[in-house]
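One letter stands for each residue in the lines below.
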Amino acid sequence: MDVKSNHSPPVLSDPIPISKSKLSIHSNLLPYPQSGPTFSSGKYIGISRKKPGKLDDVRSNGWLDAMISSSPPRKKLNKDIGVEVPSDDIDVAYGSWMLKYPSALNSFEQITNFARNKKIAVFLDYDGTLSPIVDDPDLALMSDDMRLAVRNVAKCFPTAIISGRSCEKVFELVGLTELHYAGSHGMDIMGPISKRMSSDHLNCIESTDQQGKTVNLFQPAREFIPMIDEVFRALVENTKGVKGAKVENHKFCTSVHYRNVEEQNWPVIGQRVHDILKEYPRLRLTHGRKVLEIRPVIDWNKGKAVEFLLESLELNDSDDVLPIYIGDDRTDEDAFKVLREGNRGYGILVSSMPKETNACYSLKDPTEVMKFLKSLVTWKKLVEYP
Ligand SMILES: O=P(O)(O)OC[C@H]1O[C@H](O[C@H]2O[C@H](CO)[C@@H](O)[C@H](O)[C@H]2O)[C@H](O)[C@@H](O)[C@@H]1O
């Protein structure tokens, strides 16, 4: 199945400005390290209160560049596409970027023509996709209209939300029981009950969800819970002097937000995280939207979570199924890549800025996401009851 073949091979924009060989930095401290194997067990290293490293670390290993380029503000100078350009030029750049990643709304007919006689499965990211990006992560609420749109979609198509937040937190924010949830970048999946999945996958057990419904719980990074908790506490301690910094514990990963930190202190926050992470070779760093995300070095991500959920939902026959994944973040690229590489479905990037992506289509913001979800429901009803 050739979902969309008119796109050149994707180039990720994640900045890795210097070669790994030039500096002898441990791979977990380089930006966007490759996923590695799962480690069976082992004691983690306690944090030694050593002298903090020099701020040069975060400059030389590319962290600072990645921090600066994440979530660039609109109508300001844009460093995300490599050069600083005024906002008018950004609009022009956005227009030509959209030739490559057309609006999923304008291309709706093309998408649904392809979906005819197929089962659509919908995967949604939360922050920046269903809720707008706001300064305080605790206030990233989705609107009632959006909740209704997601609910209606979930009634028509198998639907899952795959978020960087903990499963509990994202369920608390969304509050819908009609869909499946995967938290911690897919490392905490609450999927449909499946005997085959629990026998095929280690770390997959039967459990009950918040409503007492039996679910399949898949937690491939279970053994890292104490380590993440330890690192979370160290991060809280080490960043508490930096005004605006906020640390979140997502059980299988932890996030350090710098959105509200003065830009002049970004090297400080980066360096503090760096100093802690270098004590934990089994953890790695990824960059989100003004957030540093620390997670286990295991071969698992949102792309694997999509594959796992498709299998759990018995939707992994790719000729018959069209998965659609909508997300805004770098971590969503793993899911876009899975869909693109297998020619399996459509990735839709939510962005109002030009960005390199593995997605096929784009939507500007959560408002457009909502319009797209509503259109899917209308289309489904028309197909069913013409
Ligand atoms: O995978 P997601 O559902 O997109 O989660 C990714 C991160 O989202 C949250 O942070 C982002 O949204 C915040 C609220 O709008 C914003 O303040 C922050 O700057 C963004 O990075 C969440 O708080 C993180 O823990 C998630 O990892």
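Residues numbered from 1 in each chain as written. Predicted model: local features only at pLDDT ≥ 70, side-chain atom pairs only at ≥ 80, totals over all residues. Heavy atoms only, no water.

**Structural notes on the environment of Met146**
Rule in force here: For helices the rule is a DSSP run of H or I covering at least 4 residues; for strands it is a run of E covering at least 2, with both sets numbered from the N terminus onward. Contacts are assigned to residue pairs with any non-hydrogen atoms lying within 4.5 Å of each other.
Relative to the elements of secondary structure, Met146 occurs in helix H5 (residues 144-156). For the pair Met146 and Thr367, spaced 221 residues apart in sequence, the C-alpha separation works out to 8.3 Å. Discounting chain neighbours no more than four positions away, the residues touching Met146 are Thr129, Leu130, Pro366, Val369, Met370 and Leu373.

**Some words on the sheet that holds strand E6 (residues 214-218)**
To keep things clear, this is the line we draw: At least two bridges found by DSSP between two strands are what make those strands a pair. A fitted line through C-alpha atoms represents every axis, and for helices the fit uses only the stretch in contact; the resulting angles, taken between N-to-C directions, go from 0 to 180 degrees.
Ordered by their spatial adjacency, 9 strands build an open sheet running E5-E6-E4-E3-E2-E1-E11-E12-E13, and the pairing between neighbours is mixed. Looking at the sheet topology across the chains shown, the edges are occupied by strand E5 (204-208) and strand E13 (361-363). The average undirected angle you get between the axes of adjacent strands in this sheet is 20°. Pairing of strand E1 (residues 119-124) with strand E2 (residues 159-162) involves 3 bridges; the strand directions are parallel. What sits directly across from Val122, in E2, is Thr159.

**Structural notes on the nonpolar core**
Here is the rule we go by: To form a nonpolar core, buried Ala, Val, Leu, Ile, Met, Phe, Trp, Tyr and Cys residues must be joined to one another through side-chain atoms within 4.5 Å. Each residue is assigned to one of three classes by its accessible area relative to the maximum for its type, calculated with a 1.4 Å probe on protein chains only: buried under 20%, partly exposed between the two thresholds, exposed over 50%.
Counting residues in hydrophobic clusters, the biggest one holds 57 residues, and the most contacted among them are Phe123, Leu283 and Ile294. Of the residues forming this core, the biggest block, 6 residues, is contributed by helix H8 (residues 225-239). Tyr126, Val170, Leu176 and Val369 belong to the second-largest nonpolar core, a separate cluster that totals 44 residues.

**Section: the site of the ligand**
Quick note on the threshold: A molecule or strand has a residue near it when one of that residue's heavy atoms lies within 4 Å. Reported accessibility uses the Shrake-Rupley method at a 1.4 Å probe radius. Residues are deemed covered only where the shown protein chains occlude them. We place a 1 Å grid over just the protein atoms. Points where a 1.4 Å probe fits but has no way out form a cavity, open points with protein on both sides within 12 Å along at least 5 of 7 lines form a pocket, and any residue with an atom within 4 Å of a point lines it. Think of it this way: a molecule belongs to a cavity or pocket when more than half its atoms come within 2 Å of the grid points there. Just so you know the grouping, Ala, Val, Leu, Ile, Met, Phe, Trp, Tyr, Cys and Pro go in nonpolar, Asp, Glu, Lys and Arg go in charged, and all remaining residues, Gly too, go in polar.
By nearness alone, 22 residues border the ligand, and Val134, Glu248, Arg259, Arg289 and Glu293 come closest of all. Considering the ligand on its own, with 570 Å² of exposed area, one finds that the protein chains cover 99% of that surface. Mapping the ligand onto the cavity grids shows that it belongs to the largest cavity. When residues of the shell around the ligand are traced back to their parent elements, those giving at least two are strand E8 (254-257) and strand E10 (291-296). For the shell around the ligand, a count of residues per class yields 7 nonpolar, 5 polar and 10 charged.

**Focus: the confidence of the model for the protein**
So the rule is basically this: Within a predicted model, pLDDT stands for the predictor's per-residue confidence, ranging from 0 to 100.
Here the protein averages 83 in pLDDT, and 81% of its residues register 70 or above. Predicted confidence is poor over residues 4-26, with pLDDT under 50, and the contacts of this stretch with residues over four places away or in other chains come to 38 contacts. In the model output, the complex is listed with pTM 0.84 alongside ipTM 0.99.

**Quick look at the side chain of Arg344**
Our working definition: The term polar contact refers here to a pair of N or O atoms within 3.5 Å; inside protein, the definition further demands a hydrogen-donor-capable atom paired with an acceptor-capable atom, and it admits residues adjacent in sequence only when both atoms are side-chain atoms.
By the element assignment, Arg344 lies in the loop between helix H11 (333-341) and strand E12 (346-350). A distance of 3.5 Å separates the side chain of Arg344 from the side chain of Glu307, its partner in a polar contact.

**Some remarks on the pattern of salt bridges**
Rules: Salt bridge, as applied in this entry: a Lys or Arg side-chain nitrogen positioned within 4 Å of an Asp or Glu carboxyl oxygen.
According to the stated counting rule, one finds 18 salt bridges in the structure shown. Where Glu172 meets Lys169, a salt bridge forms, and the shortest distance between an N and an O atom there is 3.5 Å. A residue pair is termed a helical-turn pair when its members lie 3 or 4 positions apart in one helix, as Glu172 and Lys169 do in helix H6 (residues 167-174) at 3 residues. Between Asp332 and Lys302 there is a salt bridge; the shortest N-O distance is 2.8 Å.

**Let's talk about the sheet that holds strand E7 (residues 246-249)**
If you walk across this open sheet you meet the 4 strands as E7-E8-E10-E9, and the pairing is antiparallel. With one partner strand each, in any of the chains shown, E7 and strand E9 (283-288) form the two edges of the open sheet. Averaged over all adjacent pairs, the angle separating strand axes in this sheet is 20°, with direction ignored. In terms of strand pairing, E7 meets E8 through 4 bridges, oriented antiparallel. The partner of Lys246 across the bridge, within E8, is His257. Of the strands in this sheet, E7, E8, E9 and E10 touch H8, which is tilted by about 170° from E7.

**Details of unusual backbone geometry**
Here Asn117, not a glycine, exhibits a phi torsion of approximately 65°, which is positive. Mapping Asn117 onto the fold places it in the loop between helix H4 (108-115) and E1. The backbone phi angle of Glu314 is positive, close to 55°, even though this residue is not glycine. According to the relative accessible area criterion, Glu314 is exposed, its value standing at 62%.

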